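# Commentary on secondary and tertiary structure
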Amino acid sequence: MSLLAPKVTLRHPVAEMPKVMHRRGWWLVIMGLLLPGSAQIAAGNRKLGRFGLVTTFIMWGIALLALLLWFVNRGLLLTIVGNGIAMLGIEIIVIAYGIIWLVIGFDTLRLTKLVKIRGAGKWSVAVAALVAIIVPVGAAGYVASLLDASRGFINDVFQASGPTQDPINGHYTFMLLGADSGEDREGLRPDSIAVVTVNAETGAATMVGIPRNLMNVPFPEDSPMASHWPNGFNCAGADCMINAAYTYGMANPDLYPDAEENNSDPGLEATRDAVQGVTGLEIQYYVVIDMQGFADLVDALGGVKIDVEKRVPIGITGGPVEAWIEPGEQVMDGYTALWYARSRADSSDYDRMERQRQVMEAVIKQFTPQTLLTSYNGLAEAGKDFVQTDIPQSMIGYLTDLADKTRVLPMENLELVPPLILSEDPDFELARSEVAEAMERAYQNSLPSESPTDGE
């Protein structure tokens, strides 16, 4: 006779006893959380359930594919997510899935039939169901906001178009310009000039500091500047220091008629040619770092930790000292870090170069995953006003992957300053030789150390 007894299912009236309904409610919530749509398949609208399951499986497939690419071809994955259009598509998918989860979640809450659950069990099921809705939907909203900030940053900063480029002589080389375009400045004349060259195989990086007051800078033979200055940038005074190449280029835009098409300007191209003449390296990309935007970036990071060796005044040369940055390890806000990097009072240009490098290294060290997760929106917003570059979006993935290698290696630093290189009478052959030797040291330091074999 027992074989003829009706089965108790999630829809059967017998299942509506209080204790059974309590257990039923918990099972539906757990099913909906682990596999959205399964609760509807079991006890609700099967059409909605199938839709939820299909979209869930699609999201799982995308996540597994991304995980596979992370281990197999990280550069390709970063190239995809580093493209503004692709990122918009991902953002739409995340928002859509968040909405689907919201709809299915509330439908699951309806299916629990809270009115048929008595006592505290009713509230435990209700709270669990709401948590199962709010947490995933909130996570989707947060991810969408990160994607939106990233897309805005990428589209605003990486405006150059074009295909990927191969390394030159095994290296990618970048010109970094620190521009101080505050309200008291006219034009962009670079305050600091550096070159970073990265070995495309190992990630070994060399940073070359170039003083802004370097004189008689030569230009490559094929440079438009060479036609005006065949013997180098050899006029007298500040008008022909290397950082004045920017001003000269902007005053003679006909020298670089295609600059704007390449997301550059004649001043940047003239400076690029000058830096190539000094280092002997072909500069593939430029990065302009605006010091005013830099202060916002530091604030978005929550400050930077710097070990100050010598007290530095906050104040302009010849003016009153507002305050002092004292020796010792300090966590500087944007205002203080900006003055530490730019202060000329009671220090030389070469001291400033060293401090600027120190601040840049401190900022790089603080770009940790924890900082990015907690402050990404602020960092992306600050970055829009902080960086200008001609790096195309097509290179973001590969260069980001290469940067991961660089971050764990010691960076070789070379400063082309006295007594090695005299700014008024520079030996450019010596400068190029020192650059080549520094790059070789960086490469050798990036190679795995070989342990001596037994018996040697």
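Now for a look at the structure at hand. (Residues numbered from 1 in each chain as written. Predicted model: local features only at pLDDT ≥ 70, side-chain atom pairs only at ≥ 80, totals over all residues. Heavy atoms only, no water.)

### Some remarks on the pairing of strand β1 (residues 171-179)
Within β1, nine of the nine residues are buried, leaving the element largely enclosed by the surrounding structure. Because side chains alternate across β1, one face comprises the buried residues H171, T173, M175, L177 and A179, and the other comprises Y172, F174, L176 and G178, equally buried. Summarising the sheet, β1 and strand β2 (residues 190-199) pair through nine bridges and their orientation is antiparallel. Paired with T173 across the two strands is T197, which belongs to β2. Of the strand pairs in this sheet, β1 and strand β4 (residues 285-290) are connected by six bridges, and their pairing is parallel. In the sheet register, G178 faces β4, and the bridge partner there is I289. (Buried < 20%, exposed > 50% of the residue type's maximum accessible area, 1.4 Å probe, protein only. Helix = DSSP H or I, 4+ residues; strand = E, 2+ residues; numbered from the N terminus. Pairing = 2+ DSSP bridges.)

### Some thoughts on the sheet that holds strand β3 (residues 205-210)
In a beta sheet, neighbouring strands pair by backbone hydrogen bonds and run either parallel or antiparallel. Taken together, six strands build an open sheet; the order of strands is β9-β4-β1-β2-β3-β10 and the sheet is mixed. Edge positions in the sheet fall to β9 (387-389) and β10 (412-415), since each has one partner strand and no second. Put simply, the sheet's adjacent strands are angled 20° from each other on average, direction ignored. (Axes fitted to C-alpha atoms, helices over the stretch in contact; angles between N-to-C directions.)

### Considering empty space enclosed by the protein
All told, the structure shown has three cavities of 30 Å³ or more when counted by the stated rule. The wall of the largest cavity is formed by 21 residues, among which S192, A194, Q356, R357 and M360 lie closest to the centre. Elements with a contribution of two residues or more to the lining of the largest cavity: β1, β2, β3, α10 (291-301), α12 (349-365) and β10. A total of five residues in the lining of the largest cavity trace back to one element, the largest contributor, which is α12. By residue class, the composition of the lining of the largest cavity is 15 nonpolar, four polar and two charged. The volume enclosed by the second largest cavity comes to roughly 90 Å³. Only α1 (18-34), α5 (84-111) and α6 (120-157) provide two or more residues apiece to the lining of the second largest cavity. For the lining of the second largest cavity, the element with the highest residue contribution is α5, accounting for five residues. Residue composition of the lining of the second largest cavity, by class: nine nonpolar, three polar and no charged. (1 Å grid on protein atoms, 1.4 Å probe; cavity = no way out; pocket = protein on both sides within 12 Å on 5 of 7 lines; lining within 4 Å. Points joined across faces, edges and corners; volume = space filled by probe spheres on them. Nonpolar A, V, L, I, M, F, W, Y, C, P; charged D, E, K, R; others polar.)

### Topic: the environment of E322
With respect to the element layout, E322 can be found in the loop between β6 (312-314) and β7 (323-325). Take E322: its relative accessible area is 58%, and that puts it in the exposed class. Leave out the neighbours within four places in its chain, and E322 touches I314 and Y335. In terms of polar contacts, E322 uses its side chain to reach the side chain of Y335, at 3.1 Å. (Contact = heavy atoms within 4.5 Å. Polar contact = N/O pair within 3.5 Å; in protein donor to acceptor, adjacent residues only side chain to side chain.)

### Description of the packing of aromatic side chains
In total, this model carries eight aromatic pairs according to the counting rule given. Aromatic pair Y97 and W101: ring centres 5.8 Å apart, planes at 80°, arrangement edge-to-face. A residue pair is termed a helical-turn pair when its members lie 3 or 4 positions apart in one helix, as Y97 and W101 do in helix α5 at four residues. Considered together, Y97 and W101 belong to a single accessibility category, that of buried residues. Centre to centre, the rings of W229 and F233 are 5.1 Å apart; their planes meet at 90°, and the pair counts as edge-to-face. Joined through ring pairs, the aromatic side chains of F219, W229, F233 and Y248 make up one cluster. Positioned above the aromatic ring of W70 is the side chain of R74, whose terminal nitrogen or guanidinium carbon lies 4.0 Å from the ring centre. (Phe/Tyr/Trp six-rings, centres within 6.5 Å; stacked < 30°, edge-to-face > 60°. Lys NZ or Arg CZ within 6 Å of the ring centre and 35° of its normal.)

### Re helix α15 (residues 428-446)
For α15, with 19 residues, the first-to-last C-alpha span of 27 Å sits near the 27 Å given by 1.5 Å per residue. Those residues of α15 not exposed but buried are F428, A431, E434, V435, A438, M439, A442 and S446. The buried residues of α15 occupy an angular sector of 135° when projected down its axis, which confines them to one face. In the core, the buried residues of α15 are packed alongside β1, β2, β3, α9 (266-279) and β10. Near the N-terminus of α15, the side chain that reaches the backbone nitrogen of E429, with its oxygen 3.2 Å away, is that of D427. (Expected span 1.5 Å × (residues − 1). Arc of directions from axis to C-beta.)

### Concerning the state of the cysteines
This model, assessed by the stated rule, comprises one disulfide. Disulfide partner of C235: C240, at an S-S distance of 1.5 Å. Here C235 and C240 share a disulfide; its torsion about the S-S bond, 105°, makes the bridge right-handed. The class for C240 is buried, based on a relative accessible area of 0%. (Disulfide = S-S within 2.5 Å.)

### Topic: the pattern of salt bridges
Within the structure shown, the criterion is met by nine salt bridges. R110 is the partner of D107 in a salt bridge, and the nearest nitrogen-oxygen pair spans 2.9 Å. On the criterion of helical spacing, the pair formed by D107 and R110 is a turn pair, its members being three residues apart in helix α5. On the accessibility criterion, D107 (12% relative accessible area) is buried. The partner of R151 in a salt bridge is D148, with the nearest N and O atoms 2.8 Å apart. (Salt bridge = Lys/Arg side-chain N within 4 Å of Asp/Glu carboxyl O.)

### Looking at the layout of surface pockets
When its volume is computed, the second largest pocket comes out at roughly 450 Å³. Taken together, 22 residues line the second largest pocket, and the ones lying closest to its centre are Q165, N262, R272, Q284 and D390. Take the lining of the second largest pocket: its biggest share by element is three residues, from α9. Partitioning the lining of the second largest pocket into residue classes produces eight nonpolar, eight polar and six charged.

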